Amino acid sequence: MNILLELFVVTFRVLWAFVLAAAKWLVRPKEKSVAGQVCLITGAGSGLGRLFALEFARRRALLVLWDINSQSNEETAGMVRHIYREMAEAAATPRVAGDGEKDALPHCDLQVYTYTCDVGKRESVYSTAERVRKEVGEVSVLVNNAGVVSGHHLLECPDELIERTMMVNCHAHFWTTKAFLPKMLEMNHGHIVTVASSLGLFSTAGVEDYCASKFGAVGFHESLSHELKAAEKDGIKTTLVCPYLVDTGMFRGCRIRKEIEPFLPPLKPEYCVKQAMRAILTDQPMICTPRLMYMVTFMKSILPFEAVVCMYRFLGADKCMYPFIAQRKQATNNNEAKNGI
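Residues numbered from 1 in each chain as written. Predicted model: local features only at pLDDT ≥ 70, side-chain atom pairs only at ≥ 80, totals over all residues. Heavy atoms only, no water.

Another point: the pairing of strand E7 (residues 190–195). Taking burial as the measure, the 6 residues of E7 include 6 buried ones, the bulk of the element. Across the two faces of E7 the burial is the same, with Gly 190, Ile 192 and Thr 194 and His 191, Val 193 and Val 195 all buried. Taken together, strand E6 (residues 141–144), helix H5 (residues 159–187) and E7 form a β-α-β motif whose crossover is right-handed. Judged from the 6 bridges that link them, E7 and strand E8 (residues 236–243) form a sheet pairing that is parallel. Bridge pairing links Thr 194 to Leu 240 in E8. With respect to chirality, the unit in which E7 leads through helix H6 (residues 208–230) into the neighbouring parallel E8 is right-handed. (Buried < 20%, exposed > 50% of the residue type's maximum accessible area, 1.4 Å probe, protein only. Helix = DSSP H or I, 4+ residues; strand = E, 2+ residues; numbered from the N terminus. Right-handed = clockwise from strand over helix to strand, strands pointing away. Pairing = 2+ DSSP bridges.)

This is the structure:
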């Protein structure tokens, strides 16, 4: 009898989850504040990482930026400091409220910290994390964003590049989370963001190492989310970000069928990050952009493999990475010839 009662309760909760999800489509949830909280972003020197840094800065978070390229990381920091200065100037200037009274903005005293860190190396992550704890404080928001792509067919890809892809895109998430999760558990407060990819939900030809690394990141994130729920640490939130092809230059040359491409163009990085920020600040567990990616993932789960192959071929998604790989190969050959290799 107990199991029948539990089955009824579970059924009700599942249906209620559908109702809540539908309600969020109609009524936009209120965004939480991250003002004054320490936010660490990996791969902050360019692309989505830089845009995430700027968005968190506008929301008055205290930024910790990690990147292997110190120069580009400092460029991002300069942009963040510019935002901080603008907010400080606005805070120092009283503004007139609707009733004619002066309403001063709250004081803004924020800083940005930069660290050169190779997240693909465990020792580098742990040592840099220790510096962050000593020099800045405990991290409240962890955005695992750093990523690389080799751009080679499997049999042409050097083993070192395969290992590098797995280390940066997947293994690094283990090291950063192990470094900062203990304090989050102690405080029952924090947010872990995994920037994965639609290629972590469904794959394509020619980028086996990249797909494997992103599938690994998705699996890690989902298991971690379940572990936090099992431990009843509801104060620690998780958000999985799975965008379609983003126009950052990382996959320059990637093309689907030309008749389909106008309906599914590469995403603008700014749009992708704004959608991800909305999901993070409303504690949404997962965000796929565009929404069509949810349907593709669902169909991949229920269709026979040969049906998936037919769908991929119709969309031109089966070999969409081949032009990108060809460009990377040509660029490599040109570079080798230029250097006399």
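To continue, consider the sheet that holds E7. Across the sheet, which stays open at both edges, the 7 strands sit in the order E5-E2-E1-E6-E7-E8-E9 with parallel pairing between neighbours. For this open sheet the edge positions go to strand E5 (112–116) and strand E9 (286–289), each flanked by a neighbour on one side alone. Within this sheet the neighbouring strands show an average axis-to-axis angle of 15°, counted without direction. Where H5 meets the sheet, it contacts strand E1 (38–42), strand E2 (62–67), E6, E7 and E8, and its direction lies at approximately 170° from that of E6. (Axes fitted to C-alpha atoms, helices over the stretch in contact; angles between N-to-C directions. Contact = heavy atoms within 4.5 Å.)

So, about the packing of aromatic side chains. Per the counting criterion, the structure on display carries 6 aromatic pairs. The interplanar angle of 45° and the centroid separation of 4.5 Å between the aromatic rings of Phe 174 and Phe 220 together place this pair among those described as tilted. One end of the pair, Phe 174, is in helix H5; the other, Phe 220, is in helix H6, and 46 residues separate them in sequence. Its relative accessible area of 13% is what places Phe 220 among the buried residues. Among the aromatic side chains, those forming a connected cluster through ring pairs are Tyr 126, Phe 174, Trp 175 and Phe 220. Residue placement shows Arg 122 over the ring face of Trp 175; its charged tip is 5.5 Å from the ring centre. (Phe/Tyr/Trp six-rings, centres within 6.5 Å; stacked < 30°, edge-to-face > 60°. Lys NZ or Arg CZ within 6 Å of the ring centre and 35° of its normal.)

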